[in-house]
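# Close look at the chain arrangement
Take a look at the letters that make up each chain.
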Amino acid sequence: DAGITQSPRHKVTETGTPVTLRCHQTENHRYMYWYRQDPGHGLRLIHYSYGVKDTDKGEVSDGYSVSRSKTEDFLLTLESATSSQTSVYFCAISDPLAGGQETQYFGPGTRLLVL
Amino acid sequence: AQSVTQPDIHITVSEGASLELRCNYSYGATPYLFWYVQSPGQGLQLLLKYFSGDTLVQGIKGFEAEFKRSQSSFNLRKPSVHWSDAAEYFCALGIRDDKIIFGKGTRLHILP
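Each value, and the rule that gives it
Along each chain, residue indices are assigned from 1 in the same order as the chain's sequence is written. Going through the entries in the order they are written, you letter the chains from A and number the ligands from 1. Thresholds applied to this predicted model are a pLDDT of at least 70 for local features of residues and 80 or more for the giving and counting of side-chain atom pairs; totals over whole chains, interfaces and linings are not thresholded and use all residues. Side-chain metrics in this entry use all non-hydrogen atoms of the structure; hydrogen atoms and water are not considered. Secondary structure is summarised from DSSP: a helix means a run of H or I of at least four residues, a strand means a run of E of at least two, and numbering begins at the N terminus for each. For a compact globule the rule gives 2.2 Å times the number of residues to the power 0.38, and the radius of gyration it is set against comes from C-alpha atoms. Partly exposed describes any residue whose relative accessible area lies between the buried limit of under 20% and the exposed limit of over 50%, with all areas from a 1.4 Å probe on protein chains only and scaled to the type maximum. A contact between two residues is defined here by any heavy atoms of the two lying within 4.5 Å. The method behind every accessible area is Shrake-Rupley, applied with a 1.4 Å probe, and residues are considered shielded solely by the protein chains displayed. For the purpose of counting charges, residues Lys and Arg are taken to be positive, whereas Asp and Glu are taken to be negative. His and the chain ends are not included. In plain terms, the charge of a residue is placed at NZ if it is Lys, CZ if Arg, CG if Asp and CD if Glu. Each nonpolar core is a collection of buried residues, namely Ala, Val, Leu, Ile, Met, Phe, Trp, Tyr and Cys, held together in the definition by side-chain atoms within 4.5 Å. For two strands to be treated as a pair, DSSP must find at least two bridges joining them. Fitted lines through C-alpha atoms serve as axes, helices being fitted only where they are in contact, and the angles separating the N-to-C directions of these axes extend from 0 to 180 degrees. For the purposes of this analysis, a disulfide is any pair of cysteine sulfur atoms at a distance within 2.5 Å. pLDDT gives the predictor's per-residue confidence on a scale running from 0 to 100. Polar contacts, as used here, are pairs of N or O atoms within 3.5 Å; protein pairs need one atom able to donate a hydrogen and one able to accept it. Residues neighboring in sequence count only if both atoms are side-chain atoms.

Check the secondary structure of chain B and you find 0 helices and 12 strands. Put simply, chain B runs from its N terminus to its C terminus through helices and strands in the order β-β-β-β-β-β-β-β-β-β-β-β. Its C-alpha radius of gyration of 13 Å places chain B within 12% of the 13 Å reference for a compact globule of 112 residues. Viewed in the frame of its principal axes, chain B has a C-alpha envelope of about 40 × 30 × 20 Å. Looking at chain B as a whole, 46% of its 112 residues qualify as buried. A separation of at least 24 residues holds for 53% of the contacts in chain B among residues at least 6 apart in sequence. A total of about 5,400 Å² of accessible surface is found on chain B, and carbon and sulfur atoms cover 48% of it. Each charge sign in chain B was given a centre, from 11 positive and 10 negative side chains, and these centres are 5 Å apart.

The structure is reproduced here in structure tokens:
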């Protein structure tokens, strides 16, 4: 299994509070991703990073920000959590070959409940 | 526009029976295709992938998938399912910038 951990694994928070989820990898992969998984929607990309301090938006980025100050860590922040952000959040990593596509490996997920 | 469609939300098969999960994609270039499996409360595990070459791809846990360009399909198959195969299965399409688009998943139920 790829060395990916996510913390916390479970979190309950209140509407309007800030929340930060952490993804940590030990594989030295360049690319990291944050997805959310909701019933009937599969996985949707929130943000991704293709290197330290290099990030870009995904399909559902509104209300989320990310930071990557080190290769191994990718943080996802909900500046002011809303109930619509209740979801399961997955981190993924990959190390694409130049000009190619490489496999993404997933962390165990963080279950977030916003009350 | 690129997309992945898994037509079946739920599928139920008896233990020992054969299985085929359908996946269709829409993409204007050569597709990179994946199947992932997710057990309840777990992350996603890669079953197999197709990048190029042989259109019949073998994966872990006895699964295989066949890429058919003419049908824009990448169906997942297993000759005999086990109760432990009950899970949700996701087909995914690799697009530019090393991003992946996922289908909405097919939940597999196994009857004893």
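Still to come is the rest of the account.
It is worth spelling out the nonpolar core at this point. Ranked by size, the top nonpolar core spans 27 residues in total, and within it Leu19(B), Trp35(B), Leu47(B), Leu48(B), Phe74(B), Leu76(B) and Tyr89(B) carry the most contacts. Sorting the residues of this core by element identifies strand 2 (10–14), strand 3 (19–21), strand 5 (32–38), strand 6 (44–50), strand 8 (64–68), strand 9 (73–78), strand 10 (87–95) and strand 12 (106–111) of chain B as the ones contributing at least two each. Of the residues forming this core, the biggest block, 5 residues, is contributed by strand 10 of chain B. Those residues in contact with Phe74(B) that lie beyond four places of it in its chain are Cys23(B), Leu33(B), Phe34(B), Trp35(B), Leu48(B), Tyr50(B), Ala65(B), Glu66(B) and Phe67(B). Counting residues in each nonpolar core, the second largest holds 19 residues, with Cys23(A), Trp34(A), Val66(A) and Ile93(A) among its members.

Residues and elements named next belong to chain A. As summarised here, the arrangement of the 4 strands in space is 1-3-8-7, forming an open sheet in which the pairing is antiparallel. Two strands in the sheet have a free side with no partner beyond their single neighbour: strand 1 (4–7) and strand 7 (64–70). Each adjacent strand pair in this sheet contributes to an overall mean axis angle of 20°, direction not counted.

Now for the state of the cysteines. All names here are of chain A. One pass over the structure, following the stated rule, counts 2 disulfides over all chains. Each sulfur in the disulfide pair Cys23 and Cys91 lies 1.9 Å from the other. Its S-S torsion of approximately -70° makes the covalent link between Cys23 and Cys91 left-handed. Linking Cys23 in strand 3 (residues 19–25) with Cys91 in strand 9 (residues 87–94), this pair joins segments that are 68 residues apart in sequence.

It is worth spelling out the confidence of the model for chain A at this point. For chain A, per-residue confidence averages 91 on the pLDDT scale, and residues scoring 70 or more make up 93% of the total. Per-residue pLDDT, averaged within each element of chain A, yields its smallest value for strand 10 (residues 105–106) of chain A (90) and its largest for strand 8 (residues 73–78) of chain A (98).

On to the environment of Glu79(A). All names here are of chain A. Assignment of secondary structure puts Glu79 in the loop between strand 8 and strand 9. Accessibility expressed as a relative area gives 52% for Glu79, which makes it exposed. For the pair Glu79 and Val19, spaced 60 residues apart in the sequence, the C-alpha separation amounts to 6.6 Å. Setting aside residues up to four positions removed in sequence, Glu79 forms contacts with Thr17, Pro18, Gly63 and Ser65. Within the structure, Glu79 has its side chain in polar contact with the side chain of Ser65 (distance 3.0 Å).

Let us look at unusual backbone geometry. Residue and element names in this part refer to chain A. Look at the link from Ser7 to Pro8: it is a cis peptide, with omega at -10°. On the secondary structure map, Pro8 appears in the loop between strand 1 and strand 2 (10–13). A positive phi is found at Asn28, a non-glycine position, where the angle reads about 60°. Positionally, Asn28 belongs in the loop between strand 3 and strand 4 (31–38). Even without a glycine there, the phi angle at Lys53 is positive, about 65°. Here Lys53 shows up in the loop between strand 5 (42–51) and strand 6 (54–57).

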